[in-house]
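Working through the structure, step by step
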Amino acid sequence: MASQRNSLRYRSRLMQPESERSADTHPLTWRLRDDGEVVWLDEYLGKDGYQSVRRALSEGDPQAIIAAMKDANVRGRGGAGFPAGLKWSLTLQGDDMPRGYLICNADEMEPGTFKDRLLMEQQPHLLIEGMILGAYANNSRSGYIFLRGEYVESARVLNQALQEAREARWLGNDIDGSGFDFDIVVHTGAGRYICGEETALISSLEGKRANPRAKPPFPGQSGAWGKPSVVNNVETLCNVPAVILNGADWYQALSGDRTDDGGSKLYGISGPVHRPGLWELPMGTTGREIIALAGGLRGDHKLKAWLPGGASTGFLLPEHLDLPLDFDTVGKEGSRLGTGLLTVVPENQSMVALMRNLEAFFARESCGWCTPCRDGLPWTVKLLQALEHGEGEEGDIELLDKLAADCGPGLTFCAHAPGAAMPLETALKHFRHEFEQGITQSRGPAHQDPIPVGSV
């Protein structure tokens, strides 16, 4: 059993020893143990655990929490980068409003991403503490951790930590004698990537099909069961205790002069590198620094391209390695920071084959709610399969361009299709010659025959 747990933890391994981490510089990970064992309640309390909750509840000012989050500019770590404090300030509250829900999006199904798993499996009380603060700020009556169903170890650890917190009265009625009531339930998903979209997550939580919802109304106005609801990512919520305990100015200073975005970030890397894993680093750390920490690429391979934050971000080139990895800088280069976990592509990797693999995933995971995503993504797979096998036809690449454009922002119910389109658009932009090599037929219109049922 122990060896199995070690193998489960491998890809979520923090690569920084305790000697390199401190409360002043590593608010997310300084409590973690070198042996990878769980930081349970007694140890967590000995490392300033729940002190931010005690302070916030004793001060009795939920709006001060929101103000601190806005001043710290804690941007969503799930991929979108929307400021958490601003989101919280838009939640409907008041004596005439029902108490709503605080929902943690722990449905970590973005290919190439494994950071939230580390926090949940090794430091569950940090997430619980962040959720209590978020609930107090948003007047939430109950909390849900919507957890990826395959994260069996995370579910076990979280449920045990929740029971510890209830027995110590950090959850339940009258938390720490403050009069504030709040409890949390772990809800495991059924294996759909679309549940990473907040309104699809809410639909699934309610027991319905995981389809996204039109916005407005936004969840902060009408979310789960029609009540005001706030949905935040695991890493986002884990930042809250340190902000409340140390202040917004301290949090902003963590990134130094690298970027205007404050705080630290769990960066990571996967692919053919010597040391895949995770590091807590200042926001604005560069791709070159992260690849160096990972020991560079294995063998004699050179870097061809890289994804800065999961499969739904755009490809960047070696020339972009010195850009600070923050939300705005990466966005200006035609990509997104996303989850901040790099995927490196070596020079011998076919971009056509890589894109076929990615688009097959996105096509399979589409909920089918809107036409560009439901019909467009399977067509991209069919075209890429033909190009990969050297059976492409004239017009295929132009059709891929059009399909990607038709899946762009604002043309679909949610960000699933735009996320699928971004790597395709950037691959076609930077490596078009590889796609052109797959065209061998120049006669007739391109691929008018239908997609075979069950082929995607």
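Per-chain numbering applies: the sequence of each chain, read as written, is numbered from 1 onward. Local features are withheld for residues below a pLDDT of 70 in this predicted model, meaning they are given only at 70 or higher, and side-chain atom pairs are given and counted only at 80 or more; totals for whole chains, interfaces and linings count all residues. Side-chain measures here rest on the full set of heavy atoms in the structure, leaving out hydrogens and waters.

The next subject is the side chain of D107. The helix count covers DSSP runs of H or I at least four residues long, the strand count covers runs of E at least two residues long, and both are numbered beginning at the N terminus. Within the element layout of this structure, D107 appears in the loop between β1 (100-106) and α6 (115-122). Discounting residues that sit within four places of it in the chain, D107 has contacts with F146, L147, R148, R192, Y193, C195 and G196. When checking whether two residues touch, look at their non-hydrogen atoms; a contact exists if any pair is within 4.5 Å.

Grouped together as the largest cluster of nonpolar side chains are 62 residues, with contacts concentrated most on Y50, W88, L127, I128, I145 and F182. Top contributing element to this core by residue count: helix α7 (residues 124-138), with nine residues. Residues contacting I145, with those up to four places away along its chain left out, are C104, A106, L127, M131, L158, I184, V185, V186 and H187. Counting residues in each nonpolar core, the second largest holds 37 residues, with A360, L377, L384 and A420 among its members. We call a set of buried residues a nonpolar core when its members are Ala, Val, Leu, Ile, Met, Phe, Trp, Tyr or Cys and they connect through side-chain atoms within 4.5 Å of each other. Throughout this description, buried means an accessible area under 20% of the type-specific maximum (1.4 Å probe, protein chains only), exposed means over 50%, and partly exposed covers the range between.

In terms of residue burial, strand β5 (residues 264-270) counts as a mostly covered element, since seven of its seven residues are buried. The two faces of β5 match: S264, L266, G268 and S270 on one face and K265, Y267 and I269 on the other face are all buried. As defined by bridge partners, β5 adjoins strand β6 (residues 277-282) across six bridges and the pair is classed as antiparallel. By the bridge assignment, K265 is partnered in β6 with L281. Here the rule is simple: two strands pair whenever DSSP picks up at least two bridges between them. Linking two consecutive strands that pair antiparallel, namely β5 and β6, is a turn of six residues; a positive phi of about 115° is found at G271 within it. Pairing geometry for β5 and strand β8 (residues 341-346), over three bridges, is parallel. Across the sheet, the residue bridging to G268 is L341, located in β8.

In this section: unusual backbone geometry. That bond from K215 to P216 is cis: its omega, 0°, falls within 30 degrees of zero. The residue P216 is located in the loop between α9 (198-205) and β4 (229-233) in this model. The peptide bond linking P216 to P217 adopts the cis configuration, its omega dihedral lying at 0°. Look at N139: it is not a glycine, yet its phi comes out positive at around 55°. Relative to the helices and strands, N139 is located in the loop between α7 and β2 (140-147). One non-glycine residue with positive phi stands out, namely R169, at about 65°.

Another point: a nonpolar patch on the surface. A residue counts toward a patch only above 30% relative accessible area and without a salt bridge, and it is joined to like-charged neighbours within 9 Å or, for Val, Leu, Ile, Met, Phe, Trp and Tyr, to nonpolar neighbours within 5 Å. Areas reported as accessible are Shrake-Rupley estimates using a 1.4 Å probe. Residue values count occlusion only from the protein chains shown. Here a salt bridge means any side-chain nitrogen of Lys or Arg lying within 4 Å of a carboxyl oxygen belonging to Asp or Glu. There is a patch of nonpolar side chains on the surface, built from F82, L86 and L90 and spanning about 260 Å² of accessible area. With respect to the helices and strands, the residue F82 is situated in the loop between α4 (62-72) and α5 (84-89). Owing to a relative accessible area of 41%, F82 belongs among the partly exposed residues under this scheme.

It is worth spelling out the packing of helix α16 (residues 371-388) against helix α17 (residues 396-406) at this point. Where α16 contacts α17, the two axes come as close as 10 Å, and the packing angle between them is 155°. Considering their axes alone, α16 and α17 lie roughly antiparallel with respect to each other. Like other packed secondary-structure pairs, α16 and α17 cross with a definite hand, here left-handed. From α16, P372, G376, W379, T380, L383, L384 and L387 reach across to α17, where they touch D396, L399, L400, L403 and D406. Each residue receives one of three labels: charged for Asp, Glu, Lys and Arg, nonpolar for Ala, Val, Leu, Ile, Met, Phe, Trp, Tyr, Cys and Pro, and polar for the others, Gly being one of them. Looking at the contact of α16 with α17, its residues break down into eight nonpolar, two polar and two charged. All axes are obtained by fitting lines to C-alpha atoms, using only the stretch in contact for helices, and the reported angles, taken between N-to-C directions, cover 0 to 180 degrees. Working rule for angles: under 35 degrees goes down as roughly parallel, over 145 as roughly antiparallel, 65 to 115 as roughly perpendicular, anything else as oblique. Throughout, a crossing is termed right-handed when the near helix is turned clockwise from the far one, and left-handed when it is turned anticlockwise from it by less than a right angle.

Next up on the list: the packing of aromatic side chains. Pairs were defined over the aromatic rings of Phe, Tyr and Trp, the Trp ring being its six-membered one, requiring ring centres within 6.5 Å. Orientation was assigned from the angle between planes: stacked under 30 degrees, edge-to-face over 60, tilted for the rest. A complete count under the given rule lists eleven aromatic pairs for this structure. Each ring, one from Y50 and one from W170, has its centre 4.7 Å from the other, and the planes form 10°; the classification is stacked. Here W170 lies in the loop between α8 (152-167) and β3 (183-188) and Y50 lies in the loop between α2 (41-45) and α3 (51-59), a separation of 120 residues in the sequence. Its relative accessible area of 0% is what places Y50 among the buried residues. On the basis of relative accessible area, W170 is assigned to the buried category, the value being 6%. Every member of this aromatic cluster is reached through a ring pair, and the members are Y44, Y50 and W170. Its guanidinium or amino end placed over the ring of Y151, R117 lies 5.4 Å from that ring's centre, counting from NZ or CZ. Directly above the ring of F431 sits K304, whose terminal nitrogen or CZ lies 5.5 Å from the centroid. Working rule: Lys NZ or Arg CZ, within 6 Å of ring centre, within 35 degrees of ring normal, means a charge sits over the ring.

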